Amino acid sequence: MAGKYSKDMLPSEVKERLAKGETLSILDVRELDEWESGHIPGAKHIPLGSLSERHKELDPKQETIVVCRSGNRSGLACEHLEALGYKMVNMPGGMNQWDGEMKYGK
């Protein structure tokens, strides 16, 4: 279910764009154990609870795709970061629906 954030990009679209060699800014807001159990290569990890302190690590001029397990936490992150002036895109379905390349561990 869509929240107040402006855009969605399905996991298949993200995978397709990466396969074409596009450089995407991807933010994973899951907890550390979830991140270590498999994440999108090249993604940045900032758990949802740390976003308030760490959002300055993101580029406000660059569109950032936000990922979590199912799309709920990423939706909250999108709303929070858009309110701070960032360009955010939610990935509904999250890692539950990701069938692309994965990286494991830290």
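Residues numbered from 1 in each chain as written. Predicted model: local features only at pLDDT ≥ 70, side-chain atom pairs only at ≥ 80, totals over all residues. Heavy atoms only, no water.

Remarks on the overall build of the protein
For the record, the criterion: Where helices and strands are cited, they refer to DSSP runs of H or I of at least four residues and of E of at least two residues respectively, numbered from the N terminus. Atoms considered for the radius of gyration are the C-alpha atoms alone. The globule rule reads 2.2 Å times the number of residues to the power 0.38. Classification of residues uses two cut-offs on accessible area relative to the type maximum, computed with a 1.4 Å probe and protein chains only: under 20% is buried, over 50% is exposed, and between them is partly exposed.
Each helix and strand in the protein was counted, giving four helices and five strands. Helices and strands appear in the protein in the N-to-C order β-α-β-α-β-α-β-α-β. Against the 2.2 N^0.38 benchmark of 13 Å for 106 residues, the protein shows a C-alpha radius of gyration of 12 Å, consistent with a compact globule. Taking the principal axes of the C-alpha coordinates as reference, the protein spans close to 30 × 25 × 25 Å. Here the protein, with 106 residues, has 42% of them falling under the buried criterion.

Regarding helix H4 (residues 72-83)
Here is the rule we go by: A helix is expected to span 1.5 Å for every residue after the first.
With twelve residues, H4 ought to run about 16 Å at 1.5 Å a step, and its terminal C-alpha atoms sit 17 Å apart, in line with that. Of the residues one or two after H4, glycine 85 is the one with positive phi, at around 100 degrees.

A short note on the nonpolar core
Defined as follows: Residues belong to one nonpolar core when they are buried, are Ala, Val, Leu, Ile, Met, Phe, Trp, Tyr or Cys, and are joined through side-chain atoms within 4.5 Å. In what follows, a contact means two residues having at least one pair of non-hydrogen atoms within 4.5 Å.
Counting 13 residues, the largest nonpolar core has Val14, Ile26, Ile40, Ile65, Val67, Met91 and Trp98 as its most contacted members. In this structure methionine 91 touches Met9, Leu10, Pro11, Val14, Ile40, Ile65, Val66, Val67, Gly71, Ser74 and Trp98, once residues within four positions along its chain are discounted. Ranked by size, the runner-up nonpolar core spans twelve residues in total, among them Leu27, Val66, Leu81 and Tyr86.

Some remarks on the sheet that holds strand S3 (residues 44-45)
As a reminder of what qualifies: Only strands joined by at least two bridges in the DSSP assignment are considered to pair.
As summarised here, the arrangement of the five strands in space is S1-S5-S4-S2-S3, forming an open sheet in which the pairing is parallel. Both outer strands of the open sheet, strand S1 (7-8) and S3, are each paired with one neighbouring strand and no more. Where strand S4 (residues 64-67) meets strand S5 (residues 88-90), three bridges bridge the pair, whose relative direction is parallel. Bridge assignment links valine 66 to a residue of S5, and that residue is asparagine 90.

Without other data, these values stay purely geometric and don't point to any function.
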